[in-house]
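# Tertiary structure, described
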Amino acid sequence: AKGVTPSVYFFGWGFTWVPWFFMLSGFVLFTAHLRRPKQEGILEYVMRRSVSIYPLYAFSLLPAVVMAKFADKVPSISVLVAQSFLVQAWCPSWTEHALQSHCWFLSAMVVYWLLFRPLSRCLQNFNLPATLVSMLALFSLPWLVVLVPTIVDESVTWYKEHSWGETGSWLDLAVVALKFHPGCYLHVFVLGMLLAKLRLLLDARAKVSARPCMYCFPMEFLAPLGYLGLALVFFLPSLQPLAFKLSARLSVLLPFQAAVLLGLAGLPSMPISRVADLASRLNFLENYSYAVYVFQFICYNLWPASGQVSLPLFLLFCVSVAVIMATLVQKHVQNWWGKHPRARIGVPFVLSALLVGVALLPNFEQNPDLPASVQYDARFMDVRVQIADVEGSSEMGRLMNPSFAVQNDQVVIVARRHLMDESRHNGWYNGSAAVVVDQTWHSQILMGSAPLDMEAWNRWPAGGAAPFSAELTPWYWLVNEDRHHWSHLCVQETYDETNNTLLRHVVTGPEDAKIFTYQGNTTVAFSSLPPLGEEGCAAGEQVTQMYIASDVHIEGTADDVGHRLECGETDI
């Protein structure tokens, strides 16, 4: 997932197994309910189920927030509180900013546990035709992410315009919701429940059949055929489903995965299949698999070498950490969780207080010895300007390259907020497997104003301290000539065939700005990669251009339109 393993096509399909977990959960829970239903309330049921996931997850957030603090990437307080209560996947603006973001599926499980009792009452009396028809309908549901864009004449890969962590447009929110929202995976959980019902219905028929082998024999081949179907998709690029990053995530592969699950489970009154018997020898891994999943990125952040890792050594390290956590932490914390039903209600409150407390600690200064001002000569002084980001989170970036202008007894200010990160993942280039490196510049222009103190302004900068201070607001009301939010820009791509790497330079918004007054109006000139058009990015357009917005509304009372400046032209 991080692109730090060898570029193997198969490695790019790991995300498809989270839906498998939802289906497995629905299958296991409904099987137990049909066999021996318990009389308990919905909240009581949720709290009892939470013992299996919450304690270790909560413990993992403690080292995660400390690492984020040192890296100056602590999420906002609202995100920290939300994920303490396992609701981070419920709101698209939170999900990709959360600590341990790969654990988003746990907040989906809370929803499914809340709905389990009502769903059980709906499904427990289904007969075989109703079960099969319902399963076929759920198998078809994920194909809507291919069908709907085709009907409205949009690209089926429209989701590629979203960059990780961006929530500035409806497209961003829609992509995050489809990838992570519990409502988008409820059909997978329900399918698992239907699979459990189907298994018992088939078993009931097998018991009264004169030829039970008619039911037992096909079970021998279900799991192998399911694995074969998945292997063909995972190893052959030509069989890649349309819009696979969404369609496969939302489970167009469910038929194959369901065949694997039903084949391994078998029928209760029949002997298990040979494949299931072989797989059962690995059952001891279930004690550590959850810990491996939860701590995998913490292990990666602790890994001493950057770039490509030695996969065998890293797996050994990750599994070792998981064994230690499962033995020394998980068992003891789960025992406490189960024995203290009242006290555990307060754990999310304590956890959120701890996380917020770490977030509010003073940030570690990157350059603590950098003075507030340096005077080089009588005409040249380097001064720190008193401007601040109104959104306040250092996770979103740092302010740089400010520009000022004076207008109507006000100082108007613009600055750039910038954060750079790099991510790697295994992907494809021209039909071949490749390592994709996304160098993302999270860029935004911020603006604001402050009262003008002319006497202090005349003494500055010789006097040292800046004669104003201001909080700046992101320029979210900047739109392009098509009246779309200024995001989803052209991406610069460079392919290095020597190491089979595709380098993508992704910029999320406008960059450096210069503010000035012209004919009594505030005008801002800025640089940016061109916004994507309806046909994407035209050939040769993936270069930074200059734009200008006239009569800018500093307070955001109306949209500001950015116009491209043509080289040599004076008329915009």
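Here the structure is a predicted model, which is why all the values come from computation and not from measurement. (Residues numbered from 1 in each chain as written. Predicted model: local features only at pLDDT ≥ 70, side-chain atom pairs only at ≥ 80, totals over all residues. Heavy atoms only, no water.)

### Examining the sheet that holds strand β11 (residues 513-518)
Taking strand neighbours across the sheet as the criterion, the four strands line up as β11-β12-β13-β15 in an open arrangement whose pairing is antiparallel. The open sheet has two edge strands, β11 and β15 (563-564), and neither has a second partner. Of the pairings in the sheet, the one linking strand β12 (residues 521-528) to strand β13 (residues 545-549) comprises five bridges and is antiparallel in character. Each residue of the ladder has a partner; that of Ser528, found in β13, is Gln545. (Pairing = 2+ DSSP bridges. Helix = DSSP H or I, 4+ residues; strand = E, 2+ residues; numbered from the N terminus.)

### Remarks on the packing of aromatic side chains
In this description, a pair of aromatic rings is defined by centroid distance and the angle of the planes. One pass over the full model with this rule turns up 28 aromatic pairs. Measuring from centroid to centroid gives 5.5 Å for Trp17 and Trp20, while their planes differ by 75 degrees, and the two rings are edge-to-face. Residue Trp17 and its partner Trp20 are both found in helix α1 (residues 17-35); the two are separated by three residues, about one turn of the helix. The exposure class assigned to Trp17 is partly exposed, which follows from its relative accessible area of 31%. With a relative accessible area of 16%, Trp20 lands in the buried category. Ring plane angle 70 degrees and centroid distance 5.2 Å describe the contact between Trp104 and Phe180, whose orientation is recorded as edge-to-face. With Trp104 in the loop between α5 (92-95) and α6 (105-123) and Phe180 in helix α9 (residues 170-180), this pair connects stretches of sequence that are 76 residues apart. (Phe/Tyr/Trp six-rings, centres within 6.5 Å; stacked < 30°, edge-to-face > 60°. Buried < 20%, exposed > 50% of the residue type's maximum accessible area, 1.4 Å probe, protein only.)

### Brief notes about a nonpolar patch on the surface
Taken together, Val8, Phe10, Phe11, Phe217, Phe221, Leu225, Leu228, Leu232, Phe235, Leu236 and Leu239 make up a surface patch of nonpolar side chains, about 990 Å² in accessible area. As for its placement among the helices and strands, Leu225 is situated in helix α11 (residues 213-235). Judged by its relative accessible area of 54%, Leu225 is exposed. (Patch = residues over 30% accessible without salt bridge, like charges linked within 9 Å, V, L, I, M, F, W, Y side chains within 5 Å. Areas by Shrake-Rupley, 256 points an atom, 1.4 Å probe, with all protein chains shown as cover. Salt bridge = Lys/Arg side-chain N within 4 Å of Asp/Glu carboxyl O.)

### Some words on the environment of Ser140
Here Ser140 is to be found in helix α7 (residues 128-140). Its relative accessible area of 46% is what places Ser140 among the partly exposed residues. Through-space distance from the C-alpha of Ser140 to that of Asn408 is 62 Å; in sequence the pair is 268 residues apart. At 3.0 Å, the side chain of Ser140 and the backbone oxygen of Leu136 are in polar contact. (Polar contact = N/O pair within 3.5 Å; in protein donor to acceptor, adjacent residues only side chain to side chain.)

### Description of unusual backbone geometry
Unlike most non-glycine residues, Ala243 shows phi in positive territory, near 50 degrees. Secondary-structure assignment places Ala243 in the loop between α11 and α12 (244-247). We note that Arg483 has phi near 65 degrees; this positive angle belongs to a residue other than glycine. Residue position: Arg483 is located in the loop between β8 (478-479) and β9 (492-496).

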